[in-house]
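# An overview of the molecular structure
Each chain, letter by letter, is given below.
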Amino acid sequence: MEISAKQALEQFIHKNTELQKLEDILKNFNIFSALKIENVEIRHSNFLSWLFDPNETHKANEIFLKLFINEVAMKASTLDIKCPTVFDIDSWSYDSFEIIREWKNIDILIKTDRYKTVFLIENKVYSSEHSNQLERYYDIIESEYPNYNKVYIYLTLDGTLPLNENY
């Protein structure tokens, strides 16, 4: 008796100890540790920018960018922060998005003129905000993009909250 592809897949997954070992290994895998750059914030930002850019060599198109923005939107909705909705995000075409690194010292700026939206990401890896940087970045974005939806993201390894209430 022939089995279907679905049944074959179920048999492969069910009680497959080798597959479980692989899942356990991948759960703890950290590309930054493997490259010995886990403490190098600029490398984290470079990698994130590469992932977010739909035109990059990973050939995943907008998958990473859309997943990230969706996560931001879901978190913003739980905190009652103004942000495009998941419905907006799902309807967007991502060919108009720009991923900008270190513009006016801002770690990552995700911008779309088509949807009049900017996402500012201040990335922190084992450090904290300093020199009123969040206030300065906020002022820059408010000045440069007055008619845009603006989403301020303070990205940390452990979910540390920023002192600035706009993030």
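The residue numbering used here restarts from 1 in each chain and proceeds along that chain's sequence as written. Only residues with pLDDT of 70 or above have their local features reported here, since the model is predicted, and side-chain atom pairs are shown and tallied only from 80 upward, although totals for entire chains, interfaces and linings are computed over all residues. Side-chain measures here rest on the full set of heavy atoms in the structure, leaving out hydrogens and waters.

## Comments concerning the packing of aromatic side chains
Here a Phe, Tyr or Trp ring, Trp counted by its six-membered ring, pairs with any other such ring whose centre lies within 6.5 Å, and the pair is stacked when the planes are under 30 degrees apart, edge-to-face when over 60, and tilted otherwise. Scanning the entire structure with this criterion turns up 10 aromatic pairs. Ring centres of Trp-103 and Tyr-145 lie 6.1 Å apart, and the angle between their planes is 65°; this geometry places the pair in the edge-to-face category. Separated by 42 residues along the polypeptide, Trp-103 in strand β1 (residues 97-103) and Tyr-145 in the loop between α7 (133-144) and β4 (149-156) bring together distant segments of the chain. We classify Trp-103 as partly exposed; its relative accessible area is 22%. Think of it in three bands: with a 1.4 Å probe and only protein chains considered, a residue is buried below 20% of the maximum accessible area for its type, exposed above 50%, and partly exposed in between. Judged by its relative accessible area of 10%, Tyr-145 falls in the buried class. On the numbers, 5.0 Å between centres and 65° between planes, the contact of Tyr-145 with Tyr-148 is edge-to-face. When its relative accessible area of 15% is taken as the criterion, Tyr-148 is described as buried. Among the aromatic side chains, those forming a connected cluster through ring pairs are Trp-92, Tyr-94, Phe-97 and Tyr-115. Every helix listed is a DSSP run of H or I at least four residues long, and every strand listed is a run of E at least two residues long, numbered separately from the N terminus.

## Observations regarding the nonpolar core
We call a set of buried Ala, Val, Leu, Ile, Met, Phe, Trp, Tyr and Cys residues a nonpolar core when their side-chain atoms join them within 4.5 Å. Counting residues in each nonpolar core, the largest one holds 20 residues, and the members touching the most others are Phe-52, Leu-65, Ile-69, Ile-110 and Phe-119. For this core, the elements supplying multiple residues, two or more each, are α4 (41-52), α5 (63-78), β1, β2 (106-112), β3 (117-124) and β4. Looking at this core, the element that brings in the most residues is α5, giving 6 residues. Grouped together as the second largest cluster of nonpolar side chains are 9 residues, Ile-106, Leu-109, Tyr-148 and Tyr-152 included.

## Some details on the environment of Ile-69
Considering the arrangement of structural elements, one finds Ile-69 in helix α5. Sequence-wise, Ile-69 and Val-151 are 82 residues apart; in three dimensions their C-alpha atoms are separated by 10.0 Å. The contact definition used throughout considers only heavy atoms, calling two residues in contact when any of these lie within 4.5 Å. Dropping the residues within four chain positions of it, Ile-69 is found in contact with Ile-89, Tyr-94, Phe-97 and Phe-119.

## Focus on the environment of Asp-139
Topologically, Asp-139 is positioned in helix α7. We classify Asp-139 as partly exposed; its relative accessible area is 48%. The sequence separation of Asp-139 and Asp-53 amounts to 86 residues, and the corresponding C-alpha distance is 25 Å.

## What to know about a nonpolar patch on the surface
Together, Leu-9, Phe-12 and Ile-13 line one region of the surface with nonpolar side chains, adding up to about 300 Å² of accessible area. Following the sequence through the fold, Phe-12 ends up in helix α1 (residues 5-13). Since its relative accessible area comes to 47%, Phe-12 is described here as partly exposed. Grouping into patches uses exposed residues only, defined as over 30% relative accessible area, and leaves out salt-bridged ones; the cut-off is 9 Å for like charges and 5 Å for nonpolar side chains (Val, Leu, Ile, Met, Phe, Trp, Tyr). Areas reported as accessible are Shrake-Rupley estimates using a 1.4 Å probe. Residue values count occlusion only from the protein chains shown. We define a salt bridge as a contact between a side-chain nitrogen of Lys or Arg and a carboxyl oxygen of Asp or Glu at a distance within 4 Å.

## Let's talk about the side chain of Ser-45
Mapped onto the elements, Ser-45 comes out in helix α4. Sequence-distant contacts of Ser-45, that is, excluding residues within four places in its chain, are made with Arg-101, Asp-107, Ile-108 and Asn-123.

## A look at the pattern of salt bridges
In a structure, side chains of opposite charge can pair up when their charged atoms sit close to one another. In this structure the tally under the stated criterion is 7 salt bridges. Put simply, Lys-66 and Asp-90 hold a salt bridge, and the shortest N to O gap is 3.1 Å. Here Lys-66 is found in helix α5, whereas its partner Asp-90 is found in helix α6 (residues 86-91), with 24 residues between them in sequence. The partner of Glu-98 in a salt bridge is Lys-111, with the nearest N and O atoms 3.2 Å apart. On the criterion of sequence distance, the pair formed by Glu-98 in strand β1 and Lys-111 in strand β2 is long-range, its members being 13 residues apart. By sharing partners, the salt bridges in this structure join Glu-98, Lys-111 and Asp-113 into a single network.

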